[in-house]
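As a plain string of letters, each chain reads:
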Amino acid sequence: EADIYQTPRYLVIGTGKKITLECSQTMGHDKMYWYQQDPGMELHLIHYSYGVNSTEKGDLSSESTVSRIRTEHFPLTLESARPSHTSQYLCASGGQTYEQYFGPGTRLTVT
Amino acid sequence: QKEVEQDPGPLSVPEGAIVSLNCTYSNSAFQYFMWYRQYSRKGPELLMYTYSSGNKEDGRFTAQVDKSSKYISLFIRDSQPSDSATYLCAGPNNAGNMLTFGGGTRLMVKP
């Protein structure tokens, strides 16, 4: 089982601010993912990475960007937050098989 | 066509009932499927995974795959109020390179 951490857990921020959501895992997994999920709605993949210096966009278009400089760390950045970015952001990691292990999520509110 | 589909519910049952949750999938080439449980405002938790056809049992939970009909099921015996959550099935996407998730079925077990 993976240990995967996300900070902050909750964030309320004003429009136009730059924010970075942190995600770290301690299992040495090569694969990491970011999902966006509105309350009661399905998961939408917005970014993924298969290793250091590798990042790809997911199925859902997002104004966010990601980086993967270290295996254990996969931060997500919004350069200028808008109310439409209000959502829950979930980070996940996985090893050689298909399983994904999720963090607790960051609930973002942009006012 | 969505790669993995499930009825969103909600499904409401009395405590102690047997629950049946179902998904259909489109990629017939793959043999690896998962069930996740997601409590409100939390990240999804890997509940069970199963290979190929047949059943896999873990305590009160049984996962079943029917490859001929592209149908996967999760059965919960002696359901408890603590089982109230959204259950997501997951399988390989059409490209076969990562997991894709169903929209989730919300289950409510009433005392």
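A quick note: this is a predicted structure, and the numbers were derived from the prediction, not measured.

S.K.: Describe in detail the overall build of chain B, supporting the description with residues and values.
M.R.: In terms of helices and strands, chain B carries zero helices and 11 strands. What you see in chain B, going N to C, is helices and strands ordered as β-β-β-β-β-β-β-β-β-β-β. Rg of the C-alpha trace for chain B: 13 Å, near the compact-globule value of 13 Å for 111 residues, within the 12% margin. Along the longest, intermediate and shortest principal axes, the C-alpha atoms of chain B span 40 × 30 × 20 Å. Across the 111 residues of chain B, 45% fall into the buried class. Within the structure as shown, chain B displays about 5200 Å² of accessible surface, and the carbon and sulfur contribution to it stands at 48%. When the 11 positive and 10 negative side-chain charges of chain B are each reduced to one mean point, those points stand 5 Å apart.

S.K.: With reference to specific residues and values, describe the interface of chain B and chain A.
M.R.: Chain B puts 19 residues into the contact, and the matching count from chain A is 20 residues. Across the interface of chain B and chain A, roughly 1700 Å² is buried in total on both sides, 56% from carbon and sulfur atoms. Broken down residue by residue, the surface that chain B buries against chain A is led by R41, M98 and F101 of chain B, which jointly contribute 32%. Here chain B is connected to chain A by zero salt bridges. If you look at where chain B meets chain A, you find three residue pairs in polar contact (both at pLDDT 80 or more).

S.K.: Tell me about the sheet that holds strand β6 (residues 54-58) of chain B, and please be specific about residues and values.
M.R.: Residues and elements named next belong to chain B. Reading across from one edge, β1-β3-β8-β7-β6 is the order of the five strands in this open sheet, with antiparallel pairing throughout. Every interior strand has two partners, whereas the edge strands, β1 (4-6) and β6, have only one. Taken over all neighbouring pairs, the strand axes of this sheet differ in orientation by 20° on average, direction set aside.

S.K.: Tell me about the packing of aromatic side chains, residues and numbers included.
M.R.: Under the definition given, this model contains 10 aromatic pairs over all chains. Aromatic pair Y35 of chain A and F102 of chain A: ring centres 5.5 Å apart, planes at 45°, arrangement tilted. Of this pair, Y35 of chain A sits in strand β4 (residues 31-37) while F102 of chain A sits in strand β10 (residues 101-102), and the two are 67 residues apart along the sequence. Each ring, one from Y48 of chain A and one from Y50 of chain A, has its centre 5.3 Å from the other, and the planes form 50°; the classification is tilted. Joined through ring pairs, the aromatic side chains of Y33, Y35 and F102 of chain A together with Y36 and F101 of chain B make up one cluster. The ring of F74 of chain A has R68 of chain A sitting right over it, with the charged end atom 5.8 Å from the ring centre.

S.K.: Describe the environment of L46 of chain B, with residues and values.
M.R.: Looking at the secondary structure, you find L46 of chain B in strand β5 (residues 45-51). Taking the C-alpha atoms as reference points, L46 of chain B and P81 of chain B, 35 residues apart in sequence, are found 19 Å from one another. Not counting residues within four places of it along the chain, the set of residues in contact with L46 of chain B comprises E99 and Y101 of chain A together with M34, W35 and Y36 of chain B.

The rules we used
- Sequence order as written defines residue numbering, which begins from 1 separately in each chain.
- Numbering of ligands from 1 and lettering of chains from A proceed in the order in which they are written.
- Local features are withheld for residues below a pLDDT of 70 in this predicted model, meaning they are given only at 70 or higher, and side-chain atom pairs are given and counted only at 80 or more; totals for whole chains, interfaces and linings count all residues.
- To get the side-chain values, all heavy atoms of the structure are used, and hydrogens and water are removed first.
- In DSSP terms, a helix is any run of H or I states spanning at least four residues, a strand is any run of E spanning at least two, and both are numbered starting from the N terminus.
- We compute the radius of gyration over the C-alpha atoms and compare it with the globule rule, which gives 2.2 Å times the number of residues raised to the power 0.38.
- Think of it in three bands: with a 1.4 Å probe and only protein chains considered, a residue is buried below 20% of the maximum accessible area for its type, exposed above 50%, and partly exposed in between.
- For the accessible areas, the method is Shrake-Rupley and the probe is 1.4 Å, while residue cover comes only from the protein chains on display.
- Working convention for charge: Lys and Arg count positive, Asp and Glu count negative, and His plus the chain ends are omitted.
- A single reference atom marks each charge: NZ on Lys, CZ on Arg, CG on Asp, CD on Glu.
- Contacts between residues were defined by any pair of non-hydrogen atoms, one from each residue, lying within 4.5 Å.
- As a working definition, buried area equals the accessible area (1.4 Å probe) given up by two parts on being put together, with both sides summed.
- Salt bridge, as used here, is a side-chain nitrogen of Lys or Arg placed within 4 Å of a carboxyl oxygen of Asp or Glu.
- Any pair of nitrogen or oxygen atoms within 3.5 Å is treated as a polar contact; in protein, a donor-acceptor pairing is required on top of that, and neighbouring residues in sequence qualify only through side-chain atoms on both sides.
- Two strands are counted as paired when DSSP detects at least two bridges linking them.
- Lines fitted to C-alpha atoms define the axes, with helix axes restricted to the stretch in contact, and inter-axis angles between N-to-C directions lie between 0 and 180 degrees.
- Only centres within 6.5 Å qualify two rings of Phe, Tyr or Trp (six-membered ring in Trp) as a pair; their planes then separate them into stacked at under 30 degrees, edge-to-face at over 60, and tilted for everything else.
- For a ring to carry a charge above it, either NZ of a lysine or CZ of an arginine must fall within 6 Å of the ring centroid while also lying within 35 degrees of the normal to the ring plane.

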